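Letter by letter, the chains look like this.
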Amino acid sequence: MIRLSQVKKSFGDNHVLRGIDLEIARGESMVVIGGSGTGKSVVLKCILGLMTPEAGMIEVGGQDVSRVSRDAFLARFGMLFQASALFDSLPVWQNVAFRLLRGAQKRPKAEARAIALTKLRRVGLGPEVAERLPAELSGGMQKRVGLARAIAADPEIIFFDEPTTGLDPIMAGVINDLIREIVTEMGATAVTITHDMSSVRAIADRVAMLHHGKIRWAGPVSEIDQAGDPYLDQFINGRAEGPIETLR
Amino acid sequence: MIRALAWLGRLTLGLIAALGRMTLFVLEVFSHLFRPPWYPREFGNAVMSVGWQSLPVVGLTALFTGGALALQIYSGGARFSAEAVVPQIVAIGMVRELGPVLVGLMIAARVTSSIAAEIATMKVTEQIDALVTLSTHPMKYLTLPRVLAATLTVPVLVGIGDVIGIFGGYVVGVYRLGFNAAGYLQNTVDFLEALDILSSLAKGAVFGALAGLAGCYYGLNSARGAMGVGRATKSGVVAAAVLILAANFVLTEVFFSA
Ligand SMILES: Nc1ncnc2c1ncn2[C@@H]1O[C@H](COP(=O)(O)OP(=O)(O)OP(=O)(O)O)[C@@H](O)[C@H]1O
Ligand SMILES: [Mg+2]
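An unreviewed UniProt entry lists chain B under the name Putative phospholipid ABC transporter permease protein MlaE, with Roseisalinus antarcticus as the source organism. Looking at the Function (unreviewed entry) heading of the UniProt record, one finds this comment for chain B: "Could be part of an ABC transporter complex." We quote the UniProt Sequence similarities (unreviewed entry) comment for chain B here in full: "Belongs to the MlaE permease family."

Chain A is annotated in an unreviewed UniProt entry as Glutamine transport ATP-binding protein GlnQ of Roseisalinus antarcticus.

Written out as structure tokens, the structure reads:
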């Protein structure tokens, strides 16, 4: 479904991605882990075309993403941004229903609103938040609105950038279940970035670990404990000692 | 010496590059005028915030300027006993020059700054990226409605500003300087030509377009963080003001050099 080969991206002399090779199958839930600042969010933005890599090739469904028609391409995607990125001039329900209120997937307002309320309920938010502005919500609530917006138009491919960061453990559990459901019930392909190992185990079919601009390890979630990779080991066990340098 | 030359060269190249980027930006904005989808609601909101909500500040600016202008012309005219020309000079000064320029500068302060800050904030909080992933083109959804609203409403504001400015001169002329009320108005109406009014409104349209474009351009090209937003806003206002004043000179030359 999604294939990255030798993708490179730098900002000035900050070489963030140094040749990423990654393959994600249709209907699979891939979780990307890796230290803060290793370029996980940048990978998602490159796939979506929000950033252009300097080298390498990204294919989605066998097509080179730099050559596809942008509108049709993006209509297949849903994206939850790390900082939610809600439109602060629009009330919550219009954020969620944004795609359903204009453009190719436009529907009647009442229907769009009903869909928005359903999606909000799925992320644990009641109808009372629908008319509020994003600035009136807590960070965790904003994140869930962002999640509802990402899944509102039932996309084929969904990217979640840290969906459970800032949520309480119970709500994090609800969101993990939701992501799992979207993949198994709707057959969507999901790529999730997370730092939370319990999320990794709950969501992932496969796991990829990013380190120093490359995919350090990729494989089924069942194998992460026996992989024998010292970097991966250090990361999943959260040890300060190990091959990954920490400045202290 | 060499270093100074190199610096001058870099500056010139940088300016030319910036001009090129802005020209491309302008062409892109207006190309979306002919390509759907359009967002009429966004346009309506922009008309309200650019046009309607600017009325008070435009009215006050014009009123006080018209009044002050009348006083200046009266006392200046007295030096060669030409006090009687107050109505004519106020009319021509307001309509041809001060109306469009002052309204343009007020729009640069009020509208360019708010457009630049809003769009820059959207950029640094990834709302622009979110817009793109939701299959919505920022140029169509953000830029075109604002630029179009500014281009169409600022001439109206200028027209209103002209009238209020003349009215300010009239009030001062009649109640302070002792002009005859009916005579003042008659002189104003007789003196103004169609070209004066046309040039005033045309300047308004150009200044509005420049104010909208500068706000959107600097907003969309904002650097990251709060500092990026601040810098985008400042650059947008400065660019709009300078472009408006430069355009004013060029347009005055075009309309009245003959
Ligand atoms: N627009 C940008 N301009 C300049 N540098 C950037 C930009 N976006 C990201 N970077 C840099 O790229 C690197 C990776 O950023 P990225 O946001 O992908 O990290 P991440 O792996 O998602 O980290 P985190 O887990 O903290 O979210 C960072 O060093 C960051 O400074
Ligand atoms: Mg990130």
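Having seen the structure, we can now continue with the description.
Draft legend 1. Focus on unusual backbone geometry. Residues and elements named next belong to chain B. The residue after Pro 36, namely Pro 37, is reached through a cis peptide bond having omega 0 degrees. Here Pro 37 shows up in the loop between helix H1 (2–31) and helix H2 (40–50). The phi torsion at Glu 126 lies on the positive side, around 65 degrees, for a residue other than glycine. Note on Glu 126: relative accessible area 16%, which makes it buried. A positive phi angle, close to 60 degrees, is found at Ser 135, a residue other than glycine. Structurally, Ser 135 can be placed in the loop between helix H5 (127–133) and helix H6 (138–175).

Draft legend 2. Geometry of the layout of surface pockets. Taken as a whole, the largest pocket holds about 1,100 Å³ of empty space. Lining the largest pocket are 35 residues; nearest its centre among them are Lys45(A), Met51(A), Lys123(B), Asp129(B) and Arg224(B). Going through the elements one at a time, strand E2 (14–24) and helix H1 (40–48) of chain A together with H1, helix H4 (86–124), H5, H6 and helix H8 (194–220) of chain B are the ones with two or more residues in the lining of the largest pocket. The element best represented in the lining of the largest pocket is H1(A), accounting for four residues.

Draft legend 3. Quick peek at the coordination of the magnesium ion (ligand 2). Residues and elements named next belong to chain A. The magnesium ion (ligand 2) binds to the protein through Ser 41 (OG) and Gln 82 (OE1); the donor distances cover 2.0 to 2.1 Å. Of the two residues, Ser 41 is situated in helix H1 and Gln 82 in the loop between strand E6 (77–80) and helix H3 (92–96); the sequence distance between them amounts to 41 residues. Residue class for Gln 82 comes out partly exposed when judged on its relative accessible area of 36%.

What counts, and at which threshold
Just so you know, the residues in each chain are numbered from 1, in the order the chain's sequence is written. As a convention, the first chain written is A and the first ligand written is 1, with the rest following in written order. Only residues with pLDDT of 70 or above have their local features reported here, since the model is predicted, and side-chain atom pairs are shown and tallied only from 80 upward, although totals for entire chains, interfaces and linings are computed over all residues. Each side-chain value is derived from all of the structure's non-hydrogen atoms; neither hydrogens nor water enter the calculation. UniProt positions are given in the numbering used here, feature names are shortened, and annotations may be inferred rather than shown by experiment. Helix and strand definitions follow DSSP, with helices as H or I runs of at least four residues and strands as E runs of at least two, each counted in order from the N terminus. Buried, partly exposed and exposed residues are distinguished by accessible area as a fraction of the type maximum, computed with a 1.4 Å probe on protein chains only: under 20%, between the cut-offs, and over 50%, respectively. Using a grid of 1 Å spacing that covers the protein atoms alone, one calls a set of points a cavity when a 1.4 Å probe fits there but cannot get out, and a pocket when the set is open and has protein on both sides within 12 Å along at least five of seven lines; lining residues are those with an atom within 4 Å of a point. Grid points are joined across faces, edges and corners, and a volume is the space filled by probe spheres set on the points. Coordinating donors are taken to be N, O and S atoms lying within 2.8 Å of the metal, or within 3.2 Å when the metal is Na, K or Ca; because water is excluded from the atom set, some sites may appear incomplete.

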